[in-house]
Amino acid sequence: MITLKHVAQFINGTVIGDENLIVTGMTSCDLAKEGDITFAMDGKDLERVKSSKAGCVLTSTDVENYPKTILKVKDMKLAMTMMYNAMLELMPPEKGVVHATAVIGENVKLGNNVAVGAYAVIDKGSEIGDDAKIGPHCYIGKNVRIGKGTRLFAKVTVYDNTVIGNRGVIHAGVVIGADGFGFIPQGGKIYKVPQMGQVMIGDNVEIGANACIDRGTFANTIIGDNVKIDNLVQIAHNVKVERNVMIAALTGIAGSCTIGEGTLLGGMVGVSDHVSVGKNVKAGAKTGIHNDVEDNKIVFGYPSREASEARKLHGLLSLIIRNERKVKKLLREESLE
Amino acid sequence: MITLKHVAQFINGTVIGDENLIVTGMTSCDLAKEGDITFAMDGKDLERVKSSKAGCVLTSTDVENYPKTILKVKDMKLAMTMMYNAMLELMPPEKGVVHATAVIGENVKLGNNVAVGAYAVIDKGSEIGDDAKIGPHCYIGKNVRIGKGTRLFAKVTVYDNTVIGNRGVIHAGVVIGADGFGFIPQGGKIYKVPQMGQVMIGDNVEIGANACIDRGTFANTIIGDNVKIDNLVQIAHNVKVERNVMIAALTGIAGSCTIGEGTLLGGMVGVSDHVSVGKNVKAGAKTGIHNDVEDNKIVFGYPSREASEARKLHGLLSLIIRNERKVKKLLREESLE
Amino acid sequence: MITLKHVAQFINGTVIGDENLIVTGMTSCDLAKEGDITFAMDGKDLERVKSSKAGCVLTSTDVENYPKTILKVKDMKLAMTMMYNAMLELMPPEKGVVHATAVIGENVKLGNNVAVGAYAVIDKGSEIGDDAKIGPHCYIGKNVRIGKGTRLFAKVTVYDNTVIGNRGVIHAGVVIGADGFGFIPQGGKIYKVPQMGQVMIGDNVEIGANACIDRGTFANTIIGDNVKIDNLVQIAHNVKVERNVMIAALTGIAGSCTIGEGTLLGGMVGVSDHVSVGKNVKAGAKTGIHNDVEDNKIVFGYPSREASEARKLHGLLSLIIRNERKVKKLLREESLE
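Now for a quick tour of the structure. Every chain begins its residue count from 1, and numbering advances along the sequence as written. Each chain is given a letter, starting from A, and each ligand a number, starting from 1, according to the order in which they appear as written. Owing to the predicted nature of the model, reporting of local features is limited to residues with pLDDT of at least 70; listing and counting of side-chain atom pairs is limited to 80 or more, with chain, interface and lining totals taken over all residues. The basis for every side-chain value is the complete set of non-hydrogen atoms in the structure, without hydrogens or water.

## What about the overall build of chain A?
Worth spelling out the cut-off: Helix and strand labels come from DSSP, where a helix needs a run of H or I of at least four residues and a strand needs a run of E of at least two; each type is numbered from the N terminus. In this setup the radius of gyration rests on C-alpha atoms only. A globule is expected at 2.2 Å times the number of residues raised to 0.38. Partly exposed describes any residue whose relative accessible area lies between the buried limit of under 20% and the exposed limit of over 50%, with all areas from a 1.4 Å probe on protein chains only and scaled to the type maximum. We call two residues in contact when some of their heavy atoms are within 4.5 Å. A 1.4 Å probe and the Shrake-Rupley method give the accessible areas. Residues count as covered only by the protein chains that appear here. Two residue types count as positive, namely Lys and Arg, and two as negative, namely Asp and Glu; His and chain ends fall outside the count. By convention, the charge on Lys lies at NZ, on Arg at CZ, on Asp at CG and on Glu at CD.
In terms of regular secondary structure, chain A is built from five helices and 39 strands. The globule rule puts the C-alpha radius of gyration for 337 residues at 20 Å, and the 25 Å found for chain A is more than 25% above it. With respect to the principal axes defined by its C-alpha atoms, chain A has extents near 80 × 60 × 30 Å. Expressed as a percentage of the 337 residues in chain A, the buried residues total 59%. Here the analysis covers contacts within chain A between residues at least 6 apart in sequence; of these, 17% occur between residues at least 24 apart. Taken as a whole, chain A presents about 13800 Å² of accessible surface, with 48% of it coming from carbon and sulfur. Within chain A, one finds 39 positive and 37 negative side-chain charges whose respective centroids are separated by 4 Å.

Here it is in C-alpha cells:
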C-alpha cells in the first residue's frame, strides 16, 4: 500500500492535507475514484476537480481553502511523469488472467501472473515472461520470447522466432517480424529473397500503434534498449537501431541502416537503405536522409542538409522569390516566361 | 418500401420505364439482383448491363429502345452520391445480430438492433448505440461510448474511455486511443509521460483503414463532426481537428495541433507539433507545415509556402537549372566544380 | 523427397560431401534441424555452424576439412533466393488444417489442403483455392475469391467481392477493399461517394504488413501479376498498378493513377491523383510526383524532376548557400536581412 507521503517524496512535492491517504492510482478528473490522484493544470481544472471523486489533486497552481488534499509541485508534466513511473514500479501488478478463449499452443511457457486476453493465440514453443500481458486478438508465432512485464495491447502480431525484452509496451496493430522487402528481378521474373533472420528487441522499448518492424534477411533486425517508436513507423530488414533512439510517427528506415545511440528522428523522416546515422543526431520532421550523418549533427530538409544550412537556404529561396524579375534579368531569360 | 419514383425525386432524375419498381439497393452490374439499381458510365457499360439481373440502370448517356428501366441523370457521380446517402436514410437498417462468439463484458449496454461480429470483444462498462455495427475481431475497451448507427468494420481497436459519435464509419485496422508519444529523457533514462486523456470523436466521422488517433496526454484529442480521415493517417495526442476537415492518406499531425474548420490536407502532409492551421486552408500533397497557417490560405511545399509562391519558386529553380553555367559564373565558383 | 544433389543443380552449386542428403528445408544456423541447409556468409559463420544441427551449409567462402557437407556457390544472395524459390515449388505443401475455432460461412468453398488459422472468419460465398493458407484472426468478407497457394498471415482483412490471384503472399494487418476516400461537400454537408467497385489482384503478388488497397468507386482497383508492395503502402481507389511493379514502404498512390509495368517506386513516394506514371520508371525515395511521368524516366525530388536535373539543382543550391553574401548583393537586398 502506497501513501500520498510516499508518492510526494518520489516527485519532490508538498502535501497540503492528508498525507496518509492510500493511493490507488492516477487518472483524469472524470474517471477518478476515491483513492486516485487527479491533476489540475489551472484554476478552471481545480473547480472541476472539486466535484470529482478524486482523493487528491496534483497542481502547480496556488490555491487556498481547497476542499481536497493537494499535492503541490513545480513542473506538472515532470511530476506526473515521475509519479507514473514510480507507480509502475511500486504498485503490485494487476492479477494476470488467461482468458478461457485464449489458444495456447504446445510447449508454450507462461511465466507467473501472465495475462492473456480473449481470442489471443500463442503458438508452439513460445515463452512469455512473468507479469507480461498479451492483449486480446494478439497472435504470437512459434518460438517467440517475450520478456518480463512487457505489455502487448490488442491485435499485435509477432512472427516466429522474434525476441522481445522486458518491460516493453507494444500498442495495437503492431506487426513484428514480417518478411523484409527483398526481390531479385531476373529473366522477366521477380524472385523473392528469403527472409530468414529474426527481430531482436531490447528492454523498455515502446512501439506505437500499427508500426512495423521486419525480420532480417540473413542476419537480424535489432532494436536496442529504451528505444521509443511512434505509430505507423516502418523499420526494414537488417536495420540496427541503437539504444535510447526516439522515432516519431510515419518515419521509414530502409534496409540495413544503423541509427546511432540517442538519436531523435522527427515524424515522416525517411532514411535510405544502407545509410548510417550517427549518435545523438536530430533530424527534423520530414527530413529525407540519403547519405551518412555524423554524430551530433542536426539535419533537416530533403535532401537533408545541416539545419543551419537548411535555414540559410530557406531564407535565400524566399529572397529569390521576392526578386523574381531581377533573377530572370540576371539570367537573361525574362523573355522566355 | 422504396419505389424508383421515390429515388428519382431524391436525385432529380427522370425514369424511363417502370417507376413503381421496388428498389432493394444499388450495386455494380456484376453483383446486381432484381431490385437493384446499377449504373452505366457509357455505351459499353449499357451493353453489359443488358445481361445483368439489375432492375434499373442509372446513366447520363442517351439511349433508345433499352430493354431495362432507365433512371436518367445529368451528373453520374453526384446522382450516385445522393442516391447512396438517401438510401442510407430511407432503407430500414439490416437486422443486427450478435454473433455467438462475441465476448460481451460486464455492464455493457447494447442498444436496439446492434450487430456484433464474430470474435469481437466489448469490455466492461461500454455502451453501443442503436443500429451500430461492431465488426468481427473488433476490440472495444472499457467504458467506451459508441453512437447510434456507427459502423466499425473488422479489427478496429478502441482503447478505454474513448467516445465516438453517431453515424460514423470506421474501417478495418483503425486504432483509436493508443498512448501518445511523450517521453522525458533525464539522467540517462527515458521516462514515459502518462497519457491520461481521452479521444472524443463527433458525429458523421469517417476514418480510413489502419489510421491511428492517439489519446490526449492530460486533456483530450478531439475530432469534430463530419471530419473525414483517410487510410494510414496519424493524429497525435492533444490534437484538435475541427468540423468538416478532410485529411488524405498517410498524413501525420503531430501533438497539440489545431486544424481549423473546413480545411483540406492532401496526402502525406506533415504538420509539426503545436502548429495551428486555420479554417478553410488547403494544403497540397506532401506539404510540410512547420508554422501556423492563416485562414483560407492555399499552401504547398516543404517547408510550406503559399501555393503561388511555391509555384513561382518551382519556375525559378527550373530557370536556375537551365542556366547552370551562368549561375556558376555569377557566383564566380565555376572552377570549383 | 529432395536430395542435396537436386538442390545443387537448381542453384548451380557444388556439393562437397554427401550429395544424397535428404533436404527438409533451409533456415538460419540457430534454428536448423538435421535435414536443413543453413548458410555462412564468412569464416565466423562457418565456425558457428559447426556446432549447429544443420546437415549442410551453403557458402561462397573457401574452406578445407570442414566437418559438415558444404554446398559451394558464387553469389550467396542469388543462390539462397533461387534455392528458396525452388523449394517452394519442389516441396510438398504443408498439410492444411482448418482450426476448430475458424468460422466458415454458408456456401464457402475451401479447396484441397487449405489451412485456416485459429479464430479466422470466412464469410458467405467465398472461395479459397487449393493449398492456400488463411492465417489466424483473418477476416475474409463475402464472395471473395482467393487463388491457389496464396498465403495470408495473421489479421488480414479482405472486404466483400475482392479477387486475389494465385501464389500471393499477404502479410499481417493488410486491409484490402476498404472504401476509397471520396466525398462531395455540398450545402454545408459532406456526402460520401459510394465505393462500389472491387479490388482485383493478380498472381504472385506480395503485400507488406499493414498496407492498404482501397476498392474502386464505380470501376475496380487493379493490381497486376508479380507486383510487390512493401509495408504501410496506401493504394487508393481506381488505381491500376501494372505487372512487375515494385513499391517500397510508406508510399502513397492517390486515386485513379496508373503505374506502368516494371516501374520501381522508392519508399515514401507520393503520386497525386489521376497521374500516369510510365513503364520502367524509377522514382527515388520520398519523390513527390504531381504530373505524368514518361516511360523509362528516373525521377527524384519534390516536386519531382528528372534525377539528373534534381542532382544539378542540389549542387546549385549548395553553391548558393556557400555564396550567401554574394547572392544577397546580386539581388541588392542585403540590407533587408
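So, next bit.
## Some remarks on the interface of chain A and chain B
We count it as follows: When two parts are put together, the accessible area they lose, computed with a 1.4 Å probe and summed over both, is reported as buried area. By definition here, a salt bridge exists when the distance from a side-chain nitrogen of Lys or Arg to a carboxyl oxygen of Asp or Glu is within 4 Å.
Each partner contributes to the interface: chain A provides 59 residues, whereas chain B provides 64 residues. Around 5200 Å² of area is buried between chain A and chain B when both sides are counted, 70% of it from carbon and sulfur atoms. The three residues of chain A that bury the most area against chain B are Lys286(A), Ile321(A) and Leu331(A), which together make up 13% of that side's buried surface. One can count two salt bridges joining chain A with chain B. Between Lys312(B) and Glu324(A) there is a salt bridge whose closest N-O contact spans 3.9 Å.

## A look at the environment of Ala79(B)
All names here are of chain B. Mapped onto the elements of the fold, Ala79 is located in helix α3 (residues 76-90). Ala79 gets classed as buried once you look at its relative accessible area, which sits at 4%. When the C-alpha atoms of Ala79 and Tyr139 are compared, they prove to be 36 Å apart, with 60 residues separating the residues in sequence. Excluding residues within four positions of it along the chain, Ala79 makes contact with Ile11, Leu58 and Val73.

## Some remarks on the interface of chain A and chain C
Each side of the interface is counted separately: chain A has 64 residues, and chain C has 59 residues. Here chain A packs against chain C, burying approximately 5200 Å² in sum over the two surfaces, 70% of which is carbon and sulfur. A per-residue breakdown of the area chain A buries against chain C is headed by Phe181(A), Phe218(A) and Tyr302(A), which together make up 14% of the total. Here chain A is connected to chain C by two salt bridges.

## Regarding helix α2 (residues 43-50) of chain C
All names here are of chain C. The line we're drawing: The directions considered for the arc run from the helix axis to the C-beta atoms. N or O atoms closer than or at 3.5 Å make up a polar contact, with two conditions inside protein: a donor-capable atom paired with an acceptor-capable one, and, for residues adjacent in sequence, both atoms drawn from side chains.
Among all positions of α2, only Asp45, Leu46 and Val49 are buried. Seen end-on, α2 carries its buried residues on one side only, within an arc spanning 100°. Packing partners of the buried residues in α2 comprise β5 (36-40) and β6 (56-59). At the N-terminal end of α2, a side-chain oxygen is found 3.3 Å from the backbone nitrogen of Lys44, two or three residues along, and the residue is Asp42.

## Comments concerning a nonpolar patch on the surface
Stated formally: A patch is a set of surface residues, each over 30% in relative accessible area and not in a salt bridge, joined within 9 Å for like charges and within 5 Å for the nonpolar side chains Val, Leu, Ile, Met, Phe, Trp and Tyr.
Taken together, the side chains of Val98(A), Ile104(A) and Leu110(A) present a nonpolar region at the surface, about 200 Å² in accessible area. Given a relative accessible area of 32%, Leu110(A) falls into the partly exposed group.

## A short note on the relation of the copies chain A and chain B
What counts here: In this comparison the copies share one frame, found by least squares on the C-alpha atoms of residues holding pLDDT of at least 70 in both.
Least-squares fitting of chain A to chain B yields an RMSD of 0.1 Å, with the superposition described by an axial translation of 0.0 Å and a rotation of 120°. Such a combination of rotation and displacement between the chain copies is what one expects of a three-fold axis.

## Remarks on the sheet that holds strand β25 (residues 212-214) of chain B
Residue and element names in this part refer to chain B. As a reminder of what qualifies: One requirement defines pairing of two strands: DSSP has to find at least two bridges between them.
With respect to topology, ten strands assemble into an open sheet ordered β8-β11-β14-β17-β20-β25-β28-β31-β34-β37, the strand pairing being parallel. Edge positions in the open sheet fall to β8 (103-104) and β37 (288-289), since each of these has one partner strand only. Sheet analysis places strand β17 (residues 157-158) next to strand β20 (residues 175-178), joined by two bridges and oriented parallel. What sits directly across from Thr157, in β20, is Val175.

Geometry only, nothing functional implied.
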